[in-house]
Every structure is written in C-alpha cells, then in structure tokens.
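Structure assessment
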Amino acid sequence: MQEYLSKIPKVNHLLESVQGMELVEQYSHLEVVETIQGVTAEIRTELLKGAGGSSFNPERLTIEHILAQVEERLLAGTLALLAPAVNATGIVLHTNLGRSLLSTSALQAMTAVAANYSTLEINRESGERGSRYDHVQGLLQELTGAEDSIVVNNNAAAVLLTLSSLAAEQEVIIARGELVEIGGSFRIPDVMKQSKARLVEVGATNKVYPAEFEEAITAETALLLKVHTSNYRIIGFTRTIELAEMVKLGQKYQIPVVEDLGSGSLVDLTPYGLSYEPRVQDSILAGADLVTFSGDKLLGGPQAGIIVGKKRYIEQLKKHPLNRALRVDKFTLSALEATLREYRNPPRARKEIPTLRMLTTSKRILRERAERLLSGLKEVLPLQCKTGIKEEVSRVGGGAFPLDQLPTYVVEIRPDGSSEQELARKLRNNNPSIFTRCNHGKVLFDVRTVREQDIMLIIEAVNKCFQKHEQESHD
Ligand SMILES: *Cc1c(COP(=O)(O)O)cnc(C)c1O
C-alpha cells in the first residue's frame, strides 16, 4: 500500500504534462487543480482503506489515467443542468419535461429577436414608443374573433390579473363543480383570495342551474366565472351551466362573463380521435367578455397566458399595476407571433406545430417508427434480452383531454439481470436524459413523442447502459 501511495503523481507533475497543460488552456488553472486534487484524494482514501491488494490496478496511478478522469469530470461540470431530454413517455404535453416544443418558425423568430435589437415597443412609422402587445393583436383578433387581447407570463397569471382588475373587493360567482386545482399550487379558490375577490360558489358538485346563478347575483357581483374542468370530468348524474346561459345572465344584469379555458385550442381535434374541446373562437362567439388560455398547452407555443375579449375590459387589465409584474418578454412574444401565424393555414399548423403533429400522428407512422427503433435496439442489446412492439395508449397530458387515450405503439425492453426501474434510472442519467414508462418488469418507449432524431439517441443510450451493465457484472 505504501508503495502505491508514493506512486500517486504530484499535482505539479500532472499540471505540467502535455494533457495537463491542454486542460488548463481549455478550462481554468483553478478548476483543473481542484479536480486533480479531488481525484487523487479519492485514490489516496481508497488505498488507506485497504484497497491496495492484488485487485488494485496500478495503471490507475498513471498520469494518463488520472487526467482522463479529471477531463471527464470537468466536462460533466460544463453540461447545462437545464438540458434537452428525449421524451419517450408518449405524454405530449408533459409539464415536467417542458410542455410544448416550438415550431421551426417560432424558433427562428425567437433567436433573431434574442440576437438583435428588435421592434419590441416601438412604432416604425412614427419612431415613437409602441406597445409590445401590438405584434400579436391582429393575429389573435383574426383567429379568435375577439376585439382585443393581452398576453402575460402564463395562464395562472392571466386569471390572477383578470380577477384582480375586474373583481377585487367584490364577488365572483362560479359553479361549485368548477373549483379547479391544476397542480403546482394553482387552485381557483386560492387565486381568488390572492386577487382579493370574494368567491361565491353555487350549485352542487355535480349539478348547477342558471336559476342558482341568478339568485346569487347581488349589487356586489363583479363577474361570472366559468372554468373549464380541463384535467377532470364530472360524469353521470350531472348538469353544468353552459357559457351561453351565463352570457344571457351577464347581459341581463350588465355583469362581465369570463371563461378560463385552460388549454385553449384554436383547432378542432375530433377528426383525429380526440374528444370535443371548446375552441377559443367558440367561446368568443358564445359571447364571453374575456377568455383566458395557455400558450404552451394545446396551442403548441411558448409559455404564456393569453387573454382575449372586449376592448373595455382588456384596457382595464392593461392599466392594472399587476400587469407590469406579470409582463411577457420579447422571446415569448416573438415565438407566439410565429406560432399564431401558422394557424392562418390550419393544415400547415397541424404539420408544423410539434404538439399538434404529435397528437395527430397516424397509427401507420407510429408503427413504422416503432419498428425502426426496435431494429436499432436489437443491434445493441444482448441476445437474451426480450424485446417487442405492443399496442398501447398515450395520454395528452398538461391537464388536457383527461379521459382520452390515443392508440399508439410502444417498444418494450425487458432487461435481463436488472430491474426495469434500474434501466429507466440509467436512461434518465444519460446525456441527453431519456424519459420512459415502466410496466411490469419492462421499460416502454412510446414513439408518439419520439422524433426521428431521437431514435439514434435512444439506441446509443441503451447501448451505453448495457455496456456498463456488462462491465459491472464482470468486475
Ligand atoms: C393549465 C390551466 C391553468 C394554468 O395555466 P398555466 O399556463 O399552466 O399557468 C389555469 N386554468 C386551467 C383551467 C388550466 O387548465
């Protein structure tokens, strides 16, 4: 052991070697020194603990070996913590994996605005100050039929701003069955409290009648709120209040009607096997005064909260001090403008916007993709490892279409000699991270959310996992 201890190279020797100097050039003197000290200290501790027996490989004490380890650690330290991942869960709007991917045109718009000065708040004609909301105003009007619009940080912010501007210190009437919790601490009653509006719930959980709404209206009533139960359904013996019924009451008593649509789609997805979801333009047509929805759910754009509706209410929202705090940035606005532009041609939107493309991919294409993935995996997997393709279902996610199950194909691996959880963990720790589903001893890759370029990444990652596995079982 003593002999080995004295053979650990000195920090100076390591630094002065050709590879050492190269590392200092690429990183920094301090980082390289600290990493060398870390690696050599670990070897020293290992030897002092008695690892110096016949199983110890003396090659581990060579300059090459130590610096290779140092380089690996330095490289790992430069990898971003918020990094791209492969989504093989099949959940299209996976909130923890970042919800919607942007279309090519949205990406281009965003980079151009990030790298250059932009026309964010300037009027080209007059050279005077303009409004950041103007860029999407025309498109939102054209696509939804609403008079005016404003965009904020996310839909939670949109609801908060709406309630704070129109209903602070006053009453808001809502059906008991629509007191939604979205997760991530967004609950309608809590948002209501934060906005200083007073909640007036009417009806039973499963049934509510227009007459109950009408009876609850007082001189204190500031607005009637409808919240789309995006992530759950009340089924069976039920009666909800229709937006049109609320609009009738709103008009009779001169009270604005607001709808939080949640996902807020601009296209009808029923031809692709999804159930009916109200579109934003349907709510505007039904007479809602304001409609709020997310930018990164079914719309397939950047994270944003979009509010469309009557000009006089939007004006009030724009003037509220909270609006400045919830303000949307130039990257979001540029990506949103480009995404909305795609919707002028719906068939193109379906192809170009990744969220819509993934939700509407045909079974034939999914099957072909699964076969390509499987044949690539078979080339790198040990022969005894069981694999296959199975029909399964994908979820939409993001609190949209909670009951819908989209038919899909999954590629399955039953790891031989380790658990499916262990393989899934290794895949998550790969660079890039691969996220999968697990089911009864098998790891599943749902190809609905796997893009062409992801197939190679999955195959490489699985290959690495199984090589490591082999090594570990030989050690
Ligand atoms: C998702 C959702 C929200 C929150 O939207 P974010 O954009 O995630 O802030 C609010 N209300 C409903 C009904 C939703 O579905």
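Everything discussed here concerns the structure shown above.
A brief report on the enclosed structure follows. Note that the structure is a prediction, hence the values are computed from the model and not measured. (Residues numbered from 1 in each chain as written. Predicted model: local features only at pLDDT ≥ 70, side-chain atom pairs only at ≥ 80, totals over all residues. Heavy atoms only, no water.)

**Here we look at helix α18 (residues 363-380)**
With 18 residues, α18 extends 26 Å from end C-alpha to end C-alpha; this agrees with the ideal 26 Å at 1.5 Å per step. Along α18, the positions that sit buried rather than exposed are Leu 366, Arg 369, Ala 370, Leu 373, Leu 374, Gly 376 and Leu 377. Looking straight down α18, one finds its buried side chains confined to an arc of 170°; they lie on one side. Set apart from the buried face of α18 by more than 90 degrees, the exposed residues are Arg 364, Lys 378 and Glu 379. (Helix = DSSP H or I, 4+ residues; strand = E, 2+ residues; numbered from the N terminus. Expected span 1.5 Å × (residues − 1). Buried < 20%, exposed > 50% of the residue type's maximum accessible area, 1.4 Å probe, protein only. Arc of directions from axis to C-beta.)

**Considering a negative patch on the surface**
A surface patch of negative charge is lined by Glu 22, Glu 25, Glu 71 and Glu 72. Of all the secondary structure elements, the ones that give two or more residues to the negative patch are α3 (18-26) and α5 (63-78). On the basis of relative accessibility, which here comes to 38%, the residue Glu 71 falls in the partly exposed class. (Patch = residues over 30% accessible without salt bridge, like charges linked within 9 Å, V, L, I, M, F, W, Y side chains within 5 Å. Areas by Shrake-Rupley, 256 points an atom, 1.4 Å probe, with all protein chains shown as cover. Salt bridge = Lys/Arg side-chain N within 4 Å of Asp/Glu carboxyl O. Lys, Arg positive; Asp, Glu negative; His and termini not counted. Charge placed at Lys NZ, Arg CZ, Asp CG, Glu CD.)

**Concerning the site of the ligand**
The full set close to the ligand counts 13 residues, and Ala 156, Ser 230, Asp 260, Ser 294 and Lys 297 are the nearest of them. Within the side chain of Arg 99, an N or O atom sits 3.0 Å from an oxygen atom of the ligand. Take Ala 156: an N or O atom from its main chain is 2.9 Å from an oxygen atom of the ligand. Coverage of the ligand by the protein amounts to 94% of the 380 Å² it exposes when considered alone. (Near = heavy atom within 4 Å. Polar contact = N/O pair within 3.5 Å; in protein donor to acceptor, adjacent residues only side chain to side chain.)

**Topic: the nonpolar core**
Counting residues in hydrophobic clusters, the biggest one holds 84 residues, and the most contacted among them are Phe 213 and Leu 225. The element that contributes the greatest number of residues to this core is helix α8 (residues 155-167), accounting for 8 residues. Split by domain, this core shows at least three residues from each of two domains, domain 2 (85-95 + 359-474) and domain 3 (104-349). Ignoring sequence-local partners within four residues, the contact set of Leu 225 consists of Leu 163, Val 172, Ile 173, Ile 174, Glu 178, Ile 188, Met 192, Met 246 and Val 258. Counting 26 residues, the second largest nonpolar core, distinct from the first, contains Leu 366, Cys 385, Leu 423 and Val 450. (Core = buried A, V, L, I, M, F, W, Y, C linked by side-chain atoms within 4.5 Å. Domains from an automatic or database assignment. Contact = heavy atoms within 4.5 Å.)

**Examining the pattern of salt bridges**
Counted under the stated rule, the structure contains 31 salt bridges. As a salt-bridge pair, Arg 129 and Glu 121 come within 3.1 Å of each other at their nearest N and O atoms. Exposure remark for Arg 129: the relative accessible area of 66% places this residue in the exposed category. By relative accessible area, which is 24% here, Glu 121 ends up partly exposed. One continuous salt-bridge network, built from bridges that share partners, spans Glu 121, Arg 129, Arg 132 and Arg 327.

So far we have only geometry, and geometry alone does not tell us how the molecule works.
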